[in-house]
Amino acid sequence: MNIYVKQIAIFFVYLLLQVFVFNQLTLFDVATPHIFLLFLLMLPVNVRLSFLMLIAFFAGLTVDLFSLNAFKGMHAAAAVLMMSARTTWVNVFTNRFSYHGAEEYLLQVQDAAWYSKYLFPLILLHHTAYYFLEAFSFENVGLIFLKIGTSTVYTFGICILLTLLFHQGNKR
Amino acid sequence: MWRIFQFLGKFGNIILFLFLELVALLIITSVNKPHREVSQGIFLEISGNFSEFQASIGSYFGLSTENEKLLEQNRNLHKELLEVKDSLRTYKFRRPTNAEYLLLPDSLRQNSVPIDSTMVEAVIPDSLFPAKGYDFLPCKAINNTVSRNYNYITANKGSRHGVKEGMGLISPQGVAGQVVAVSQNYCLAQSVLNKKFNLSAKIKGNKNVGNITWQGLAPEYATLEFIPQTSIIHVGDTVITSGFSTTFPPEYMIGTVKEFDAELQDGFFTVKVNLSTNFRGLDNLYVVTHLLKPEIDSLENRFPKE
């Protein structure tokens, strides 16, 4: 199948899941899982950064549009920020020379520990940007940090589950 | 050309990143109401700072004419003050009964002179006049437009100095506008030259109250409507505030009658008013504070309207 069609299909699955399922699963009015980030984080690593940032922007904007109770535009800003840090972060602890497979499968052959190291800081970065943009002030910093912490753990837990279930595979 | 591509290759990602974040921020601050309010406050503060810098240069060059204007105004005020003092200090009133006479303060009792069997003339001491109830906070216009349909004045006093939304803004020559937004150090006022501006006014010596609006043409003229055709108007009459609101002091200058007509057969004059404030050269302004406004408001709000 064409890689573009496949990725767009994956995006729509994540969009529907995010909007109709996970947006409703807010716990105690503070923690919301933003699992559509997994789509962005699992895009192949050999794509150009400029293209990745454009994808992140429009994906974030689409989720913004369909999230009815949330403010608009914040996912777009936060997702672009996260995407710009992704490539650097992958390179920090992945030895490209010891990896011999095709680069586009780099993200699909790792173990749970690697995924944890990879996903958690990027999700934390996204949530930090997202919740500070939502508050748009530095009053009530305690509540903002509470939201960031709980949502990051929540999103991370579901994302690592989905990764191990669906994205890890194709081992060669 | 090659250099441009080289530059884009080197910094393209950073430029794209900044561009996308800027677009996202613009979306956030224009679509969402709370974010928009915060960003408007910040923009007002920034543009206020910048405009003040510009105005400080401009006002330095205008100092000599401003000085002359102030001197003239000072002279007029002195004259007016003397007239008012003269007219107020000798006051004719009914000859008091014995009981009332005992209640009068000493100074009045000593100074009263009988005129005839029913009237007494007395000099009333200054301390017996209550304060007028208005406070005037001097400020400077740092930005002002006259050519749009909705003109605004930015002045360099804000919530830190006690300015609140809804307060009046006057120039030494006449009414100037009404405050509609306040940040920490600046306030934004709807000018009289704003199609949304609305003010009750009357012609001096005439009790009928009308309405001042601006039709959006010349910055020198406004329109006074709803003055009944039974009242007598002359070209050159003074138009003053009615005093029905706490925004402006009562009987404060607005302008003079330029011309009036009764073309519409609805029983009202349409009066063209020559505004006394020179909106093209605003500089020194005063924010009007009514000291007893909270009391009046709480009294008026005690019963529901309609």
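Residues numbered from 1 in each chain as written. Chains lettered and ligands numbered in written order. Predicted model: local features only at pLDDT ≥ 70, side-chain atom pairs only at ≥ 80, totals over all residues.

A.B. asks: Explain the overall build of chain B here, please?
C.D. replies: When helices and strands are tallied, chain B shows six helices and 15 strands. Looking at chain B as a whole, 25% of its 306 residues qualify as buried. A sequence separation of at least 24 residues applies to 58% of the contacts in chain B between residues at least 6 apart. (Helix = DSSP H or I, 4+ residues; strand = E, 2+ residues; numbered from the N terminus. Buried ≥ 20, exposed ≤ 12 C-beta atoms within 10 Å, placed from the backbone. Contact = placed C-beta atoms within 7 Å.)

A.B. asks: I tried to follow the packing of helix α4 (residues 74–93) of chain A against helix α5 (residues 112–135) of chain A on my own but got confused; where do I start?
C.D. replies: Residue and element names in this part refer to chain A. Running from amino to carboxyl end, α4 crosses α5 at an angle of 155 degrees, the nearest separation of the two axes being 9 Å. What the angle tells us is that α4 and α5 run roughly antiparallel. Of the two possible hands of crossing, α4 and α5 adopt the one that is right-handed. Between α4, through Met 74, His 75, Ala 77, Ala 78, Ala 79, Leu 81, Met 82, Ala 85, Arg 86, Trp 89, Val 90 and Phe 93, and α5, the contact on the second element is made entirely by Lys 117, Tyr 118, Pro 121, Leu 122, Leu 125, His 126, Ala 129, Tyr 130, Leu 133 and Glu 134. When its residues are assigned to classes, the contact of α4 with α5 shows 17 nonpolar, two polar and three charged. (Axes fitted to C-alpha atoms, helices over the stretch in contact; angles between N-to-C directions. Parallel < 35°, antiparallel > 145°, perpendicular 65-115°, else oblique. Left-handed = near helix turned anticlockwise from the far one by under 90°. Nonpolar A, V, L, I, M, F, W, Y, C, P; charged D, E, K, R; others polar.)

A.B. asks: Help me out: how do you make sense of the sheet that holds strand β9 (residues 199–203) of chain B in this one?
C.D. replies: Whether parallel or antiparallel, the strands of a sheet pair through hydrogen bonds between backbone atoms. All names here are of chain B. Taken in spatial order, the six strands line up as β9-β10-β11-β14-β13-β12 and close into a barrel, and their pairing is antiparallel. Taking the axes of each pair of neighbouring strands and ignoring which way they run, one obtains an average angle of 40 degrees across the sheet. Relative to strand β10 (residues 209–213), β9 runs antiparallel, the two being bridged by four bridges. Counterpart to Ser 200 in the pairing with β10 is Asn 211. (Pairing = 2+ DSSP bridges.)

A.B. asks: Sorry if this is basic, but what is going on with α4(A) here?
C.D. replies: Residue pairs spaced three or four apart in an α-helix point in one direction, given the helix's 3.6 residues per turn. Along its 20 residues, α4(A) runs 29 Å from first to last C-alpha, staying within 8% of the 28 Å computed at 1.5 Å per residue. Of all the bends found along α4(A), the most pronounced is centred on A:Arg86 and spans about 35 degrees. Residues A:Met74, A:His75, A:Ala76, A:Ala77, A:Ala78, A:Ala79, A:Val80, A:Leu81, A:Met82, A:Met83, A:Ser84 and A:Arg86 constitute the buried set of α4(A). Contact partners of the buried residues in α4(A): α2 (37–41), α3 (49–66) and α5 of chain A together with α1 (2–31) of chain B. (Expected span 1.5 Å × (residues − 1). Bend = angle between axes of the 7 residues up to and from the residue.)

A.B. asks: Could you clarify how one ought to interpret the nonpolar core in this entry?
C.D. replies: A general tendency of soluble globular proteins is for nonpolar side chains to be buried together. Residue and element names in this part refer to chain B. Counting residues in each nonpolar core, the largest one holds 45 residues, and the members touching the most others are Ala 155, Leu 169, Val 273 and Leu 285. In terms of residues, this core owes the most to one element, strand β8 (residues 187–194), which gives five residues. Residues contacting Leu 285, with those up to four places away along its chain left out, are Cys 139, Lys 140, Ala 141, Ala 155, Leu 169, Ile 170, Ser 171 and Ala 176. (Core = buried A, V, L, I, M, F, W, Y, C linked by C-beta atoms within 7 Å.)

A.B. asks: Is there a simple way to explain the interface of chain B and chain A in this structure?
C.D. replies: Interfaces are often sized by the amount of accessible area the parts lose when they come together. Tallying the contact residues gives 15 residues for chain B and 16 residues for chain A. For the side of chain B that touches chain A, the secondary structure elements donating two or more residues are α1 and α2 (33–61) of chain B. In terms of residues, the side of chain B that touches chain A owes the most to one element, α1(B), which gives eleven residues.

A.B. asks: Quick question: what am I supposed to make of the sheet that holds β8(B) here?
C.D. replies: Residue and element names in this part refer to chain B. The strand order around the closed barrel built from six strands is β4-β5-β8-β7-β6-β15, with neighbouring strands paired in antiparallel fashion. This sheet shows a mean twist of 45 degrees between the axes of neighbouring strands, independent of strand direction. Two elements, strand β7 (residues 175–182) and β8, share five bridges in a ladder whose sense is antiparallel. Bridge pairing in β8 places Val 179 opposite Ala 189.

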